[in-house]
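Close look at the chain arrangement
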Amino acid sequence: MYGYYSYNMKHIFITTACILLVHIVAAQNTFKALVRNDRTKEVLVGATATIPDLKLSATSDTSGLIIFKDLPNGKFEIQITFVGFSKQERVFVF
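Before going into details, it helps to say that this report is about the structure given with it. (Residues numbered from 1 in each chain as written. Predicted model: local features only at pLDDT ≥ 70, side-chain atom pairs only at ≥ 80, totals over all residues. Heavy atoms only, no water.)

**Side note on the overall build of the protein chain**
Along its length, the protein chain carries one helix and six strands. Listing the helices and strands of the protein chain from first to last along the sequence gives α-β-β-β-β-β-β. Across the 94 residues that make up the protein chain, the buried fraction comes to 20%. In the protein chain, the share of contacts with a sequence separation of at least 24, taken over all contacts with a separation of at least 6, comes to 43%. (Helix = DSSP H or I, 4+ residues; strand = E, 2+ residues; numbered from the N terminus. Buried < 20%, exposed > 50% of the residue type's maximum accessible area, 1.4 Å probe, protein only. Contact = heavy atoms within 4.5 Å.)

**What about the side chain of Asn-37?**
As for its placement among the helices and strands, Asn-37 is situated in the loop between β1 (29-34) and β2 (48-51). For Asn-37, the side chain forms a polar contact with the main-chain nitrogen of Arg-39, separated by 2.8 Å. Here Asn-37 is in contact with Glu-42, Leu-44 and Phe-85, once residues within four sequence places are set aside. (Polar contact = N/O pair within 3.5 Å; in protein donor to acceptor, adjacent residues only side chain to side chain.)

**Some remarks on the sheet that holds strand β5 (residues 75-81)**
Here we have four strands laid out as an open sheet, ordered β3-β2-β5-β6, and antiparallel in their pairing. One side of each edge strand has no neighbouring strand; the edge strands of this open sheet are β3 (56-59) and β6 (88-93). With strand direction ignored, the average angle separating the axes of adjacent strands in the sheet is 20°. As defined by bridge partners, β2 adjoins β3 across four bridges and the pair is classed as antiparallel. By the bridge assignment, Ala-49 is partnered in β3 with Ala-58. (Pairing = 2+ DSSP bridges. Axes fitted to C-alpha atoms, helices over the stretch in contact; angles between N-to-C directions.)

**Regarding the environment of Ile-66**
If you trace the backbone, Ile-66 turns up in strand β4 (residues 65-71). In this structure Ile-66 comes out as buried when scored by relative accessible area, which is 0%. With 32 residues separating them in the primary sequence, Ile-66 and Leu-34 have C-alpha atoms 6.4 Å apart. Residue contacts for Ile-66: discarding those within four places in its chain leaves Phe-31, Lys-32, Ala-33, Val-35, Ala-47, Ala-49, Ala-58, Thr-59 and Ser-60.

**Side note on the packing of aromatic side chains**
Applying the stated rule across the entire model yields five aromatic pairs. Taking the centre distance of 6.3 Å and the plane angle of 40° together, the rings of Phe-76 and Phe-94 count as tilted. Of this pair, Phe-76 sits in strand β5 while Phe-94 is found in the segment after β6, placing the two residues 18 residues apart along the sequence. Overall, the relative accessible area of 22% leaves Phe-94 in the partly exposed class. Aromatic rings pair up to connect Phe-31, Phe-68, Phe-76, Phe-92 and Phe-94 into one cluster. (Phe/Tyr/Trp six-rings, centres within 6.5 Å; stacked < 30°, edge-to-face > 60°.)

This is how it looks when you write it as structure tokens:
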């Protein structure tokens, strides 16, 4: 009887851990944006993206790419700014 009980508890724990892991993995989102001049299509190195609700910011790299990793599920406004250009604001749902 003890062996059966021990096996069931281990099985329940492993199943619960797997369910939690799936839930945690599902809540990790990535946002990628390529920032370019709309008219010339030139990439904008050093543009800044912010997600005010999460207090996160990132800067575009030499290829104009901005990446935010491990974002929670939800609806967030992302603002992109660059010197000499107007601020762009868009809402994304993850």
